[in-house]
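Notes for the structure review
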Amino acid sequence: MDIVIPATFMGPKVTFTGVEDPESHITAIHTQMVLSEGSDAIYCKLFMSTLSGTSLDWFVSLPDGRVTSFDQFLTLFREQYIVNRAPPPVSYNLFDVRQYQGESLKYFLNRFGE
């Protein structure tokens, strides 16, 4: 917590309240942070700034000294919010995807991709 973040350092522009998919949040953080070089301490501090509501309450409740690295923090974060993970896509759902009558191939392929 003693690390000073440089004034030119751009922090992440996402928020996690505790009901979103934790993996999506981590991906968004990594995507934004990879452009900036920083230490584990800076990553932890900036990650903390993206938390709000119950997720911030959870973070504040962690005992002092519990988090020693960013990887460890991500593990704790995933464990805490694992129930919010998006279910993996199930391939049998694709059997029901059919092109509608009059639907262009472009729209069908977009819908199939989703």
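In what follows, the accompanying structure is described. Because the structure is a prediction, the values reported are computed rather than measured. (Residues numbered from 1 in each chain as written. Predicted model: local features only at pLDDT ≥ 70, side-chain atom pairs only at ≥ 80, totals over all residues. Heavy atoms only, no water.)

1. Focus on the nonpolar core
In this structure, Phe 47, Trp 58, Phe 59, Phe 70, Phe 73 and Phe 77 are the most contacted members of the largest nonpolar core, which totals 20 residues. Secondary-structure elements contributing two or more residues to this core are α1 (22-33), α2 (40-48), α3 (54-61) and α4 (70-80). No other element matches the 6 residues that α2 contributes to this core. (Core = buried A, V, L, I, M, F, W, Y, C linked by side-chain atoms within 4.5 Å. Buried < 20%, exposed > 50% of the residue type's maximum accessible area, 1.4 Å probe, protein only. Helix = DSSP H or I, 4+ residues; strand = E, 2+ residues; numbered from the N terminus.)

2. Examining the pattern of salt bridges
Under the criterion given, the structure shown has 2 salt bridges. We note a salt bridge from Glu 23 to Arg 78, for which the minimum N-O separation is 2.7 Å. Of the two residues, Glu 23 sits in helix α1 while Arg 78 sits in helix α4, which places them 55 residues apart along the sequence. The partner of Glu 103 in a salt bridge is Arg 111, with the nearest N and O atoms 2.8 Å apart. Under the relative-accessibility criterion, Arg 111 is labelled partly exposed at 26%. (Salt bridge = Lys/Arg side-chain N within 4 Å of Asp/Glu carboxyl O.)

3. Considering the packing of aromatic side chains
Under the counting rule described, the total for this entry stands at 13 aromatic pairs. On the basis of an interplanar angle of 80 degrees and a centroid distance of 5.0 Å, the ring pair of Phe 47 and Phe 77 is categorised as edge-to-face. Separated by 30 residues along the polypeptide, Phe 47 in helix α2 and Phe 77 in helix α4 bring together distant segments of the chain. In this pair, the class of Phe 47 matches that of Phe 77, namely buried. Taken together, Phe 16, Tyr 43, Phe 47, Trp 58, Phe 59, Phe 70, Phe 73, Phe 77 and Tyr 81 form an aromatic cluster joined through their ring pairs. In this structure, Arg 111 packs its charged tip against the face of Tyr 100, placed 4.0 Å from the ring centre. (Phe/Tyr/Trp six-rings, centres within 6.5 Å; stacked < 30°, edge-to-face > 60°. Lys NZ or Arg CZ within 6 Å of the ring centre and 35° of its normal.)

Functional significance is not addressed by these values, which are geometric in nature.
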